[in-house]
Structures are given as structure tokens and as C-alpha cells.
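# Coordinate inspection notes
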Amino acid sequence: QVQLVESGGGLVQAGGSLRLSCAASVTTFRRYTIAWFRQAPGSEREFVSAIRYNGYTYYADSVKGRFTISRDNAKNMAYLQMNDLKPEDTGVYYCAGDTGVILSSIRGHEHYDTWGQGTQVTVSS
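Summarised in this report is the structure supplied together with it. Bear in mind the structure is a predicted one, so any value in this text is a computation, not a measurement. (Residues numbered from 1 in each chain as written. Predicted model: local features only at pLDDT ≥ 70, side-chain atom pairs only at ≥ 80, totals over all residues. Heavy atoms only, no water.)

## Points about the side chain of R52
This is how it is decided: Numbering of helices and strands starts at the N terminus; helices are DSSP runs of H or I of at least 4 residues and strands are runs of E of at least 2. Throughout, a residue-residue contact means that at least one pair of heavy atoms, one from each residue, lies within 4.5 Å.
As for its placement among the helices and strands, R52 is situated in the loop between β5 (46-51) and β6 (57-59). Ignoring any residue separated from it by four or fewer positions in sequence, one finds R52 in contact with Y32, T33, Y58, R71, V101, L103 and I106.

This is the structure we're talking about:
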């Protein structure tokens, strides 16, 4: 059973930074596409960023240039560095993983089988 555990959320002022971490309990981590999604109260879960097994990265337009996704396969870890945070970045951030996500589906939350419990990010104005 694969498990993903997020950490690193918190309260930060606008313009500040946070680094989210996603720890995976699976030996085949390097085969996984790892994505970050977020969900604000009353809103649908939305794609933030993803990194494929080959290291290729993808971002939502709203975070491009401010967020950076990365992974360390030796440590079974993925990260989301978030800079220049804005109040609209507030939400619960989820780490998701799957080995079978094709490129055209990478932004769809329904294509990921494994999810973490989420970590709250709150950006004050």
C-alpha cells in the first residue's frame, strides 16, 4: 500500500515563501508521476504542478514562475517550493501519485490513485 504524507504548510504573509514536502512509502517511487493539487473552501480541487518520472515538470498558469516542483528519488521525496505567495494561493495542498498518468491527463485529479492527507497553506494579505 503506497502512502503519501505531506508536510510544510503553514501561515505566511503575502510575498513570503513555503516549501511543501511529500514523503512516499514505496520502493518504486522513481516510476511515479507526482502532482500537487490544492483546494480552497467551496472550490474544486485544482492542479498546481506535476513532475514525471523523467523529471519533466508542469505548472498551472497561476503559479508559473513562482512555484518550483522537484523530486529526490533516492529519498522517495517530492517538494513544492512556493515563492511570492498570494492570498489566492490559500488552500489545502495535496500530494498525489500514480504510475499510469499519461501526459494529456496529468492535470486531472481523477487520474491519480494515491493521495496524501493534505497540508493547509494560508496566505494573509
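## Details of the sheet that holds strand β7 (residues 67-72)
What counts here: Strands were regarded as paired on the criterion that DSSP finds at least two bridges between them. What counts as an axis is a line fitted to C-alpha atoms, over the stretch in contact for a helix, and the angles between N-to-C directions run from 0 to 180 degrees.
With antiparallel pairing, the four strands of this open sheet are ordered in space as β1-β3-β8-β7. In this open sheet, the two strands that pair with only one neighbour each are β1 (4-7) and β7. Between one strand axis and the next, the sheet turns by 15° as a mean value, whatever way the strands run. With six bridges joining them, strand β3 (residues 18-24) and strand β8 (residues 77-82) adopt antiparallel strand pairing. Counterpart to L20 in the pairing with β8 is L80.

## What to know about the nonpolar core
Operational definition: By convention a nonpolar core is built from buried Ala, Val, Leu, Ile, Met, Phe, Trp, Tyr and Cys residues, the set being connected through side-chain atoms within 4.5 Å. The cut-offs for exposure are 20% and 50% of the maximum accessible area for each residue type, with area from a 1.4 Å probe on protein chains only; residues under the lower value are buried, those over the upper are exposed, and the others partly exposed.
By size, the foremost hydrophobic cluster in this structure holds 35 residues, and its most contacted members are W36, F67, L80, M82, Y93 and Y112. Of all elements in the fold, only β3, β4 (33-39), β5, β6, β7, β8, β9 (91-98) and β11 (119-124) reach the threshold of two or more residues within this core. Each residue touching Y112, except ones within four places of it in the same chain, is listed here: T33, A35, F37, A50, A96, G97, D98, V101 and I106.

## Describing the packing of aromatic side chains
To keep things clear, this is the line we draw: Any pair of Phe, Tyr and Trp rings, taking the six-membered ring for Trp, is counted once the centres come within 6.5 Å. Such a pair is stacked with planes under 30 degrees apart, edge-to-face with planes over 60 apart, and tilted for the rest. Cation placement over rings: the criterion is NZ of Lys or CZ of Arg within 6 Å of the ring centroid and within 35° of the ring normal.
What the rule picks out here adds up to five aromatic pairs. Ring geometry for F37 versus Y112: centroids 5.4 Å apart, planes at 75°, classification edge-to-face. Here the residue F37 occupies a position in strand β4, and Y112 occupies one in the loop between β9 and β10 (114-115), the gap between them amounting to 75 residues. Take F37 and Y112: they sit in the same class, and that class is buried. The ring centre of W115 lies 4.7 Å from the NZ or CZ of R45, which sits over that ring. Over the ring of F29 we find R71; its NZ or CZ atom is 4.7 Å from the centre of that ring.

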